[in-house]
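# Secondary and tertiary structure notes
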Amino acid sequence: MSARRPESFESRGRRAPESSGKTSAGSESPAGSRVHNSVMMRRPSLMQEPVLVLNATYEPINVTAVRRAMVLLLKGVAQAEEMHNSEVHSAAHAHRVPSVIRLLAYRHIPQQSRALSRKNILLRDRNTCQFCGAIFPSSELTLDHVVPRSRGGRSSWENLVACCYRCNNSKGDRTPEEAGLKLARRPRPFTLHTSRQLMRLIGHRDERWRKYLFY
Ligand SMILES: [Zn+2]
């Protein structure tokens, strides 16, 4: 589709002047609505493929699945900026599958919008045990309180890390120092910066994302 390069592109994070006044008219959040029936899910794997979501200003803000992206397109909340070569078929139509979509109304993204959850911590730590450095499926990871709860350690972004069961057992109710373990990196909140890094990581799989992410 449109390959034009937006003026706001170079101004990392700043809004383009023409859209700065608006708050999202379509109060559609990419998180919260029903899936339309009009798109058939005949190819479940394709429907789960990641799609990059851009703000109205072309700022990358999220990654969603093809299914969700197509709902946003059908509702007129977003428009496709880049397409896959593949199609999905509904009863009467073939729909080309988007790779990058852009919201038509500007959405304000709070700096700290990620909820503290097991899923998000595993995402932040990229399913990597923060003590032994090995990568595991989510089901084989637990969350470790770096400073144990029994020592007053809180459940916070800074004190929770992804941890395999083996390391979790050997650490027990001790601090990493006491257990002779070393953290791979200091745990931090999931910020926009973290999201960008993850988007870039995912984006390596899709050439069409590059111009929106690598600048
Ligand atoms: Zn481990």
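Up top you'll find the structure we're talking about.
Everything numeric in this text was worked out from a predicted model, so none of it was measured.

### Re helix α2 (residues 66–74)
- Of the residues making up α2, those classed as buried are Val66, Arg68, Ala69, Met70, Val71 and Leu72.
- Once α2 finishes, Gly76 follows within two positions and takes phi at roughly 75 degrees, a positive value.

### Points about the coordination of the zinc ion
- Looking at the metal site, the zinc ion is ligated by Cys129 (SG), Cys132 (SG), Cys164 (SG) and Cys167 (SG), spaced 2.3 to 2.4 Å from it.
- Taken together, the four donor atoms coordinating the zinc ion span angles of 102 to 117 degrees at the metal, a pattern that classifies the geometry as tetrahedral.
- Sequence positions of the donors to the zinc ion reduce to the motif C-x2-C-x31-C-x2-C.
- A relative accessible area of 4% means that Cys164 is categorised as buried.
- Here Cys167 falls in the buried class, since its relative accessible area comes to 7%.

### Comments concerning the pairing of strand β5 (residues 141–145)
- By the criterion of burial, β5 is predominantly enclosed, with four of the five residues buried.
- Pairing between β5 and strand β6 (residues 160–164): five bridges, direction antiparallel. Pairing of Thr142 across the sheet is with Cys163, part of β6.

### Some points on the pattern of salt bridges
- According to the stated counting rule, one finds six salt bridges in the structure shown.
- Put simply, Arg124, Asp125 and Arg185 are held in one network by salt bridges that share partners.

### Details of the sheet that holds strand β3 (residues 78–89)
- Spatially, four strands are ordered β2-β1-β4-β3 in an open sheet, and the strand pairing comes out mixed. For this open sheet the edge positions go to β2 (60–65) and β3, each flanked by a neighbour on one side alone. Taken pair by pair, the neighbouring strands of this sheet meet at an average axis angle of 35 degrees, ignoring direction.
- Summarising the sheet, β3 and strand β4 (residues 94–103) pair through eight bridges and their orientation is antiparallel. Opposite Ala78, over in β4, you have Leu103 as the bridge partner.
- Of the strands in this sheet, β1 (50–54), β2, β3 and β4 touch α2, which is tilted by about 85 degrees from β4.

### A closer look at the nonpolar core
- Among the nonpolar cores identified, the biggest contains 15 residues, and Val66, Val88, Ile101 and Leu103 are the most heavily contacted of them.
- In this view, Ile101 contacts Val51, Leu52, Val53, Leu54, Ala69, Leu72, Leu73, Ala78, Gln79, Ala80 and Glu81; residues no more than four positions away in its chain are not counted.

### Looking at the environment of Arg196
- Residue placement: Arg196 occurs in helix α6 (residues 192–203).
- Look at Arg196 and you get buried, because its relative accessible area is 12%.
- Distance from Arg196 to Val63, taken between C-alpha atoms, is 9.9 Å for residues 133 residues apart in sequence.

### A look at unusual backbone geometry
- Positive phi outside glycine occurs at Tyr58, with the angle close to 75 degrees.
- Secondary-structure assignment places Tyr58 in the loop between β1 and β2.
- With a phi angle near 55 degrees, Asn127 is a residue other than glycine that sits in the positive phi range.
- Mapped onto the secondary structure, Asn127 falls in the loop between α3 (118–124) and β5.
- On the accessibility criterion, Asn127 (18% relative accessible area) is buried.

### Regarding the side chain of Thr175
- When you line up the elements, Thr175 lands in the loop between α4 (165–171) and α5 (176–179).
- Judged by its relative accessible area of 13%, Thr175 falls in the buried class.
- Setting aside residues up to four positions removed in sequence, Thr175 forms contacts with Val146, Pro148 and Arg151.

### Concerning the side chain of Asn55
- Of note, Asn55 is situated in the loop between β1 and β2.
- Within the structure, the side chain of Asn55 is placed 2.8 Å from the backbone oxygen of Arg107, a separation counted as a polar contact.
- Residues contacting Asn55, with those up to four places away along its chain left out, are Ile61, Arg102, Leu103, Ala105, Tyr106, Arg107 and Ile109.

Rules and cut-offs
Residues numbered from 1 in each chain as written. Predicted model: local features only at pLDDT ≥ 70, side-chain atom pairs only at ≥ 80, totals over all residues. Heavy atoms only, no water. Buried < 20%, exposed > 50% of the residue type's maximum accessible area, 1.4 Å probe, protein only. Helix = DSSP H or I, 4+ residues; strand = E, 2+ residues; numbered from the N terminus. Donors = N, O, S within 2.8 Å, 3.2 Å for Na, K, Ca; no water. Tetrahedral: all angles 85-135°; square planar, octahedral: opposite > 155°, others 65-115°. Pairing = 2+ DSSP bridges. Salt bridge = Lys/Arg side-chain N within 4 Å of Asp/Glu carboxyl O. Axes fitted to C-alpha atoms, helices over the stretch in contact; angles between N-to-C directions. Contact = heavy atoms within 4.5 Å. Core = buried A, V, L, I, M, F, W, Y, C linked by side-chain atoms within 4.5 Å. Polar contact = N/O pair within 3.5 Å; in protein donor to acceptor, adjacent residues only side chain to side chain.

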